[in-house]
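Topology and contacts: notes
Chain by chain, the residues:
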Amino acid sequence: MNRHLHFERLHNFRDLGGYPAADGLAVRWGRLFRSDSLGKLRDGDWERFLELGVGAVIDLRYSWEIEAKGRVPEHPSLTYHHLSIEHRPYDQAALGPGVETGPYLVERYLEVAHDGVGELRTALRVIAGQEGPVVFHCASGKDRTGLLAAVVLALLGVGEEVIVDDFALTGLATGRLLADWRADHPGQEPGWPGFGQAPAEVMRLFLDALNREHGSVRAYAADLLGADDALVATLRAKLLEPARQNG
């Protein structure tokens, strides 16, 4: 199933439903979404978004990104949570061609995983505590969003290869994301060939690094993010259902 939901201005809005978890369960459809910037919502896209019944939005961007590009429009049905999980800014587009995509991004992800523990802890609690569907997003819906998606899916018992595959699905949106960047930077091209790319290797190396440092993603979340058994049980009760049988 194509889990990218179609919007005119959003290019990387995806439903995290349907992924298999342990014990014959699967992630519920229509409950947890990941996206690029919701500051782009307007007109028909906004109406389409409201039809999803989203109850909470988690914005993972810096304050200066929100000031420059806007945030999700205010609406009585929505609670908005600004949780900037990245604390050390860097400009991917300005990197040189000699920077290797996988190792470089893994170093940045590990920084976020350890710098942003307070914000990540709050994000998990928002997701667990929200009755309605939740969307979390950054600018492109790739790096910061991919990190939070990986942690949540791991806590739900989704296998690492599935988490890696989910991360790589951003590749289907790379062309449109790059077009947006070019529109904002007339006459320029990103200096880094890895800009906007989401190779599976990045997430695989990141998960390997967390496993080496903490024993598992679950242990990382328990030790640093306060994701104890009660929180994990709440996430699973909210977001899992019996897997649908084919045929």
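Per chain, residue numbering runs from 1 following the sequence as it is written. Thresholds applied to this predicted model are a pLDDT of at least 70 for local features of residues and 80 or more for the giving and counting of side-chain atom pairs; totals over whole chains, interfaces and linings are not thresholded and use all residues. Each side-chain value is worked out from all heavy atoms of the structure, with water and hydrogens disregarded.

1. What about the nonpolar core?
Nonpolar cores were defined as sets of buried Ala, Val, Leu, Ile, Met, Phe, Trp, Tyr and Cys residues, with membership established by side-chain atoms within 4.5 Å. We call a residue buried when its accessible area falls under 20% of the maximum for its residue type, exposed when it is over 50%, and partly exposed in between, using a 1.4 Å probe and counting protein chains only. Among the nonpolar cores identified, the biggest contains 64 residues, and Ile58, Leu124, Ile127, Phe136, Leu156, Met203 and Phe206 are the most heavily contacted of them. Put simply, DSSP H or I for four residues or longer makes a helix, DSSP E for two residues or longer makes a strand, and each gets a number counted from the N terminus. Ranked by the residues each element gives to this core, the list is headed by helix α5 (residues 143-155), at nine residues. Beyond its immediate stretch of four places on either side in the chain, leucine 124 contacts Leu148, Val151, Val152, Leu155, Leu225, Ala227, Leu231 and Leu235. Formed by 15 residues, the second largest nonpolar core is a distinct cluster that contains Leu52, Val54, Val57 and Val72. In this description, contact between two residues means that some pair of their heavy atoms is separated by no more than 4.5 Å.

2. Overview of the side chain of serine 84
Inspection of the secondary structure assignment puts serine 84 in the loop between β5 (79-82) and α3 (101-115). In the analysis that follows, any N or O atom pair within 3.5 Å is treated as a polar contact, provided that within protein one partner can donate a hydrogen and the other can accept it, and provided that, for residues neighboring in sequence, both atoms belong to side chains. Polar side-chain contacts of serine 84 include one of 3.4 Å to the backbone oxygen of arginine 61. Those residues in contact with serine 84, other than ones at most four positions away along the chain, are Asp59, Leu60, Arg61, Tyr62 and Glu119.

3. What to know about the environment of valine 134
Looking at the element boundaries, valine 134 is found in strand β6 (residues 134-137). Take valine 134: its relative accessible area is 0%, and that puts it in the buried class. Distance in space between the C-alpha atoms of valine 134 and leucine 52 is 9.8 Å, their sequence separation being 82 residues. Ignoring anything within four residues of it in the chain, the contact list for valine 134 reads Arg31, Leu32, Phe33, Ala56, Ile58 and Ile127.

4. Details of the packing of aromatic side chains
Within 6.5 Å between ring centres, the rings of Phe, Tyr and Trp (the latter by its six-membered ring) count as paired, and their orientation is classed by plane angle as stacked under 30 degrees, edge-to-face over 60, tilted in between. In total, this model carries 10 aromatic pairs according to the counting rule given. Relative to phenylalanine 49, the ring of tryptophan 46 has its centre 5.8 Å away and its plane inclined at 15 degrees; by these criteria the two rings are stacked. One end of the pair, tryptophan 46, and the other, phenylalanine 49, are both in helix α1 (residues 43-50), three residues apart, so they sit about a helical turn from each other. Residue tryptophan 46 is classed as buried on the basis of its relative accessible area of 13%. Judged by relative accessible area, which is 1%, phenylalanine 49 ranks as buried. Judged by centre distance (6.3 Å) and plane angle (75 degrees), the ring pair of tyrosine 109 and phenylalanine 167 falls under edge-to-face.

5. Concerning the pairing of β5
Alignment of strand β4 (residues 56-59) against β5, held across four bridges, turns out to be parallel. Each bridged residue has a counterpart across the sheet, and for valine 57 the counterpart in β5 is tyrosine 80. With the strands aimed away from the viewer, a crossover counts as right-handed if its path from the first strand over the helix to the second runs clockwise. The parallel pair β4 and β5 is bridged by helix α2 (residues 63-69), and the resulting crossover is right-handed. We call two strands paired when DSSP finds no fewer than two bridges between them.

6. Quick look at the environment of aspartate 36
By secondary structure assignment, the location of aspartate 36 is in the loop between β3 (32-35) and α1. With 56 residues separating them in the primary sequence, aspartate 36 and glutamine 92 have C-alpha atoms 16 Å apart. Dropping the residues within four chain positions of it, aspartate 36 is found in contact with Arg9, Leu10, His11, Asn12, Phe13, His137, Cys138, Ala139, Ser140, Gly141 and Leu177. Engagement of the side chain of aspartate 36 in a polar contact is seen with the side chain of serine 35, the distance being 3.4 Å. There is a polar contact of 2.6 Å between the side chain of aspartate 36 and the side chain of lysine 40.

7. Here we look at the pattern of salt bridges
Throughout this description, the term salt bridge denotes a Lys or Arg side-chain nitrogen within 4 Å of a carboxyl oxygen of Asp or Glu. Evaluated as defined, the whole model comprises 16 salt bridges. In this structure, glutamate 189 and arginine 182 form a salt bridge, with 2.9 Å as the shortest nitrogen-oxygen distance. We classify glutamate 189 as exposed; its relative accessible area is 52%. The structure contains a network of salt bridges with shared partners spanning Arg88, Glu107, Arg108, Glu111 and Asp115.

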